[in-house]
Amino acid sequence: MDWLSALILGIVQGATEYLPVSSSGHLAIFRDLLGVDLPADQALQFDIIVHFATVLSTIVILLPLFKRLVKAFFSMRNTEDSRYVWKILLSCIPVGIVGLFFKDTVEEVFGEGLTVVGICLNATACLLAFAYFSSFNRSTGKVKPDTAGHKISWVDAFVIGCGQALAVLPGLSRSGTTIATGILLGDRRSEVAQFSFIMVILPIIGETLLDLAKMISPAAGATAGAGVGATAMIIGFVAAFLVGCAACKWMIALVKKGKLIWFAVYCLIIGIVCILAA
């Protein structure tokens with residue numbers, strides 16, 4: 001992979017990790033457009049690197065909240081922040097199960113081309129549309145105020161986590177699925193956005209550690225990452241981090257205002273194009 005392709009893919013990952021349009025789906029689309037043809041293991045390594053970059057951008061943008069949650073977790077006190085941490089951990093159980101027991105199956109799906117991506121993008125469009133209309137007040141012609149929602153409950157946290165587990169499919173947006181699920185459950189949009197971005201930190205860190213273990217294992221040998229290169233990895237990482245910081249901040253503001261319908265239209269159009277082009 002050359003540096004320009006790595007730069008473009010890093011920018012795509014940084015933007016689409018937070019926008020509800022599927023980062024994995026767009027990475028697959030742009031790899032196809034750029035003619036980046038890597039073995040599945042090397043493509044996965046690059047994806048993990050740029051995903052980890054967006055985790056760091058989440059921590060940077062939500063640093064005050066992140067520091068509070070870390071402090072609450074280690075304080076071992078029953079506070080609102082500590083309960084929030086346990087809700088985050090609860091939400092990670094479904095995706096943890098999928099990652100441990102169905103990882104090989106998921107990786108096979110990732111290799112099935114643009115047809116799966118297109119179908120899942122259309123599913124994302126439907127979820128976002130349902131979420132938008134569920135929070136739309138027909139009598140006033142406006143989106144209901146954010147204060148009309150309630151705080152995320154324990155059950156809500158687990159259900160949102162199930163949405164995250166389903167979103168391992170390429171084209172099914174993780175942020176779109178989790179945010180839409182929270183809105184459909186009646187949670188406050190601003191809280192759902194932050195919860196959605198914080199809850200992905202542990203799964204991506206876990207996946208990164210597993211991938212690093214594979215890369216340094218004797219079985220991996222010198223072939224691990226040979227088709228990507230250190231320069232491309234670094235460029236992709238920096239691009240994903242910088243763009244991710246901007247996209248994270250912007251997306252939180254958009255979700256709070258309830259402006260998700262245009263993303264649904266976008267996902268529908270791109271999904272149809274992928275199916276027709278496959």
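Residues numbered from 1 in each chain as written. Predicted model: local features only at pLDDT ≥ 70, side-chain atom pairs only at ≥ 80, totals over all residues. Heavy atoms only, no water.

Peer 1: Honestly, the overall build of the protein chain in this entry has me stumped. Any pointers?
Peer 2: A tally of helices and strands in the protein chain yields 13 helices and two strands. Here the protein chain, with 278 residues, has 47% of them falling under the buried criterion. Long-range pairs, those at least 24 residues apart, make up 81% of the contacts in the protein chain between residues at least 6 apart in sequence. Accessible surface, the protein chain as shown: approximately 13500 Å² in total, 71% of it carbon and sulfur. (Helix = DSSP H or I, 4+ residues; strand = E, 2+ residues; numbered from the N terminus. Buried < 20%, exposed > 50% of the residue type's maximum accessible area, 1.4 Å probe, protein only. Contact = heavy atoms within 4.5 Å. Areas by Shrake-Rupley, 256 points an atom, 1.4 Å probe, with all protein chains shown as cover.)

Peer 1: What am I meant to see in the environment of Val 168 here?
Peer 2: Within the secondary structure, Val 168 is located in the loop between α8 (154–166) and α9 (174–184). A C-alpha to C-alpha distance of 8.4 Å links Val 168 and Ser 24, two positions 144 residues apart in sequence.

Peer 1: Help me understand helix α2 (residues 23–34) in this model?
Peer 2: One full turn of an α-helix is made of 3.6 residues, so residues set three or four places apart face in the same direction. Compared with an ideal rise of 1.5 Å per residue, which puts 12 residues at 16 Å, α2 spans 16 Å between its outermost C-alpha atoms and is within 8% of the ideal. Just past α2, the residue Gly 35 takes up positive phi, approximately 70 degrees. (Expected span 1.5 Å × (residues − 1).)

Peer 1: Help me out: how do you make sense of the confidence of the model for the protein chain in this one?
Peer 2: Fine structural detail should not be taken from predicted coordinates in areas where pLDDT scores are low. On average, residues of the protein chain score 83 in pLDDT, and 87% of them reach the 70 mark or higher. Across the protein chain, α8 holds the top mean pLDDT of 94, while helix α6 (residues 103–110) sits lowest at 68. (pLDDT = per-residue confidence, 0-100.)

Peer 1: Would you explain the environment of Ile 261 in this entry?
Peer 2: The topology assignment puts Ile 261 in helix α13 (residues 261–277). Between the C-alpha atoms of Ile 261 and Phe 133, which are 128 residues apart in sequence, the distance is 8.5 Å. With sequence-adjacent residues up to four places away left out, Ile 261 is seen in contact with Ala 129, Tyr 132 and Phe 133.

Peer 1: Whenever I open this one, the packing of helix α5 (residues 80–101) against helix α10 (residues 189–199) confuses me. Can you help?
Peer 2: Between α5 and α10, whose axes approach to 10 Å, the crossing angle comes to 60 degrees. Taken together, α5 and α10 sit at an angle that is classed as oblique. Crossing angle aside, the handedness with which α5 passes α10 is right-handed. In this structure, α5 uses Tyr 84, Lys 87, Ile 88, Ser 91 and Cys 92 to contact α10, whose residues at the interface are Glu 191, Gln 194, Phe 195, Ile 198 and Met 199. Here the residues of the contact of α5 with α10 sort into six nonpolar, two polar and two charged. (Axes fitted to C-alpha atoms, helices over the stretch in contact; angles between N-to-C directions. Parallel < 35°, antiparallel > 145°, perpendicular 65-115°, else oblique. Left-handed = near helix turned anticlockwise from the far one by under 90°. Nonpolar A, V, L, I, M, F, W, Y, C, P; charged D, E, K, R; others polar.)

Peer 1: I would appreciate a short explanation of the side chain of Ser 82 in the present structure.
Peer 2: Within the secondary structure layout, Ser 82 lies in helix α5. Classification of Ser 82 by relative accessible area gives buried; the value is 5%. In this view, Ser 82 contacts Ala 72 and Arg 77; residues no more than four positions away in its chain are not counted.

Peer 1: Quick question: what am I supposed to make of the packing of aromatic side chains here?
Peer 2: For any two aromatic rings, the description comes down to two numbers: the centre-to-centre distance and the angle of the planes. Taken as a whole and judged by the stated rule, the model has five aromatic pairs. Geometrically, the ring pair formed by Phe 73 and Trp 86 is tilted, given 6.0 Å between the ring centres and 50 degrees between the ring planes. Placement of the pair is Phe 73 in helix α4 (residues 63–75) and Trp 86 in helix α5, with a sequence separation of 13 residues. Judged by relative accessible area, Trp 86 falls into the partly exposed class, the value being 48%. Each ring, one from Tyr 84 and one from Phe 195, has its centre 5.7 Å from the other, and the planes form 80 degrees; the classification is edge-to-face. With Tyr 84 in helix α5 and Phe 195 in helix α10, this residue pair connects regions lying 111 residues apart in the sequence. Exposure remark for Tyr 84: the relative accessible area of 13% places this residue in the buried category. Owing to a relative accessible area of 1%, Phe 195 belongs among the buried residues under this scheme. An aromatic cluster of at least three residues, connected via ring pairs, comprises Phe 73, Phe 74 and Trp 86. (Phe/Tyr/Trp six-rings, centres within 6.5 Å; stacked < 30°, edge-to-face > 60°.)

Peer 1: Any chance you could explain a nonpolar patch on the surface here in plain terms?
Peer 2: Nonpolar side chains collect at one region of the surface, where Ile 93, Ile 97, Leu 100, Phe 101, Phe 102 and Phe 158 lie side by side and expose about 650 Å² of accessible area between them. For the nonpolar patch, the element with the most residues is α5, which contributes four residues. Here Phe 158 is to be found in helix α8. (Patch = residues over 30% accessible without salt bridge, like charges linked within 9 Å, V, L, I, M, F, W, Y side chains within 5 Å. Salt bridge = Lys/Arg side-chain N within 4 Å of Asp/Glu carboxyl O.)

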